Amino acid sequence: MNILGIETSCDDSAAAIVRDGKVILSSQVASQTELHAPFGGVVPELASRRHVEILPLLVDKAIEESHLSLDAIDAIAVTYGPGLIGSLLVGLNYAKGLSFHIKKPLVGVNHVEAHLYAALMSHETIAFPAIGLVVSGGHTSLYFMEAPFSYKLIGQTFDDALGEAFDKAAILLGLSYPGGAEIERVAKGGDKHRFMLKVGQIKNRPFDFSFSGIKTGVLNLVQKLSPLDDTLRSDIAASFQHVCCRDVLQKCLLAAKEYSARSIIVGGGVGQNQYLREIFAQHSSAIPTFFAPKNLCMDNGAMIAALGYHHVLRGGSVHPCELEAESRLSL
Ligand code: KG4
Ligand code: ZN
C-alpha cells in the first residue's frame, strides 16, 4: 500500500511516499529556515504563504522520484494538528482536494504521535511498555506507552519547548537561527562544567519540564562576560546543553522506573543532538533508548505517511469534508 504523507504544521513543507508503513520511496522536505532567519523565529503568515507555493512542487517531486503514477497512491495521510493554524490549513486543504480528485481515502495524523512513530518505524525490536519522549521546537512531552499506539501523557513543559530554549539561547550567544544545531556545534570542545546553569523543576510534578529560566541564566552570563570570545561562547553552550539534556535524561529514567518501562523512545528535532544521544546511550545496559534516525527527527512527510498507513489499516479514514485542522490537538 502506497501512502502519500503531507506535512505543513510549522515552517517545513514536506511530502513523502511510503510503502506498507516502512519503505520510504521518496521523502521531500523544503526548509523555510532562510525565510524566517531575519526574524529570529517563525512568522506564521510567511510560513503559510510559502507552503502554498512549495507543497504542490514537493508532491510532484515525490511522485516522480517514486516512479509511481497518481493512480498508484492508495491513500493520503496529512497532519491535522497540532501546529500553526494557517500552516496546517494549507496542507490539509491540499490533501482534501487531492483526495477528492484521485478518489482515494484521507487520514488525519497527529504530528506529535508521528514524531514518536519515526522512532518506532525504524527499529524492529522495541520492547513495551515504553516511555516516549518528544523533544522539538514546539513540544517537550513525556508519554507512558503501554503498547504501540497507546499514549498516556505523564509530563510536559510548563513554558518553552526544549528546541525553543536551544533556539533562544543560541540567539543570546550571537549564533544563527535555528539554534539547536548551532549550540551543538559550538559546544563541542567546550567545558560543560564551567557554568552552573539550572533548569526549572515543578513542585510535585516530577515529569514536567521548565526551560524558560535557563534562558535568563544564559542572558545573565552573556551580560556579565561580554564581549564573548570563542572559548566563553563554547563553554556557555556546552554547560547549557549539558544541563538541559541531563534534565531530560533524568526525567526519562525516573519515568521508566516508575512505570516499569522496558524501552525509551525519542522523536523530534532535538533528537538529532549527538550529546543527548550519547548520554542516553550511557544507560543502555539498564534501559535501551531508541532514537528516530536523524533524517526523521526533524519535521518530514515520511513519518506522516508511515503512521497514516496504520490509521488506514485500522479503518481510520475520514470523509475529506469532516477533517478539521486542530492547532491545539493533544495526544
Ligand atoms: O521537530 P522539529 O523539526 O519541529 C517541530 O516540530 O518543532 O524541531 C525543530 C527544533 C528546533 O528548535 C531546532 O533548534 C531543534 O529542533 N534542533 C536541535 C538540533 N537540531 C535541531 N536541537 C538541539 N540539537 C540539535 N542538533
Ligand atoms: Zn515537529
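For the structure given in this document, a descriptive report is provided here. Going along each chain's sequence as written, the residues are numbered from 1 onward. Both sets of labels track the order of writing: A upward for chains, 1 upward for ligands. Under the rules for a predicted model, residues below a pLDDT of 70 receive no local features and side-chain atom pairs below 80 are neither given nor counted, while totals for whole chains, interfaces and linings still include all residues. The basis for every side-chain value is the complete set of non-hydrogen atoms in the structure, without hydrogens or water.

**Digging into the overall build of the chain**
Helix and strand assignments come from DSSP, with helices taken as H or I runs of at least 4 residues and strands as E runs of at least 2, each series counted from the N terminus. A count of helical and extended segments in the chain gives 10 helices and 10 strands. Each radius of gyration reported is based on C-alpha atoms, and the globular scaling rule is 2.2 Å times the count of residues to the power 0.38. The C-alpha atoms of the chain give 20 Å as radius of gyration, which agrees with the globular expectation for 331 residues (20 Å, within 12%). If you line up the chain on its principal axes, its C-alpha atoms span 60 × 45 × 35 Å. Per-residue burial over the chain gives 55% buried out of 331 residues. Nonlocal contacts in the chain, meaning residues at least 24 apart in sequence, comprise 73% of its contacts between residues at least 6 apart. The accessible surface values rely on the Shrake-Rupley method and a 1.4 Å probe; as for residues, cover is taken only from the protein chains in view. When the accessible surface of the chain is split by element, carbon and sulfur atoms take 53% of a total near 14300 Å². To sort residues, take the accessible area from a 1.4 Å probe on protein chains only and compare it with the maximum for the residue type: under 20% means buried, over 50% means exposed, and anything in between is partly exposed. The contact definition used throughout considers only heavy atoms, calling two residues in contact when any of these lie within 4.5 Å.

**As for the coordination of the zinc ion (ligand 2)**
Donors, by definition, are the N, O and S atoms found within 2.8 Å of a metal, the threshold being 3.2 Å for Na, K and Ca, and water is not counted, so a site can look incomplete. Within the protein, the atoms that donate to the zinc ion (ligand 2) are His 111 (NE2), His 115 (NE2) and Asp 299 (OD), at distances of 2.0 to 2.1 Å. Coordination geometry of the zinc ion (ligand 2): the four donor atoms subtend angles of 96 to 135 degrees at the metal centre, consistent with an arrangement described as irregular. The motif formed by the donor residues of the zinc ion (ligand 2), counted along the single chain, is H-x3-H-x183-D. Here His 115, found in helix α4 (residues 111-120), pairs with Asp 299, found in the loop between β10 (289-291) and α10 (302-313); they are 184 residues apart in sequence, far enough to count as distant. In this pair, the class of His 115 matches that of Asp 299, namely buried. Think of it this way: with four donors and all angles in the 85 to 135 degree range, the site is tetrahedral; with four or six donors, opposite ones beyond 155 degrees and the rest between 65 and 115, it is square planar or octahedral; otherwise it is irregular.

**Some words on the site of ligand 1**
The cutoff for a nearby residue is simple: one of its non-hydrogen atoms must lie within 4 Å of the molecule or strand. Near ligand 1 you find 19 residues, and of these Gly 137, Gly 138, Asp 167, Glu 184 and Asn 273 are the closest. Contact between ligand 1 and Gly 163: an oxygen atom at 3.2 Å from a main-chain N or O atom of the residue. Two N or O atoms form a polar contact when they lie within 3.5 Å of each other; inside protein one atom must be a possible hydrogen donor and the other a possible acceptor, and for residues adjacent in sequence the pair counts only when both atoms belong to side chains. Between ligand 1 and Gly 180, the relevant distance is 3.0 Å, taken from an oxygen atom to a main-chain nitrogen or oxygen of the residue. Protein contacts shield 92% of the accessible area of ligand 1, which totals 550 Å² for the unbound molecule. Those elements that provide at least two residues to the shell around ligand 1 are α4, α5 (162-172) and α6 (180-187).

**A short note on the sheet that holds β10**
Taken in spatial order, the five strands make up an open sheet running β8-β7-β6-β9-β10, and their pairing is mixed. Each edge of the open sheet carries a strand with a single partner, namely β8 (152-156) and β10. Taking the axes of each pair of neighbouring strands and ignoring which way they run, one obtains an average angle of 20 degrees across the sheet. When DSSP locates at least two bridges between a pair of strands, those strands are taken to pair. Relative to strand β7 (residues 140-145), strand β6 (residues 130-135) runs antiparallel, the two being bridged by six bridges. When the sheet's bridge partners are listed, Ala 130 is paired in β7 with Met 145. Axis angles are defined between N-to-C directions and span 0 to 180 degrees, where every axis is a line fitted to C-alpha atoms and, for a helix, only to the segment in contact. Helix α8 (residues 230-258) contacts β6, β7, β8 and β9 (263-267) of the sheet and is inclined by roughly 155 degrees relative to β6.

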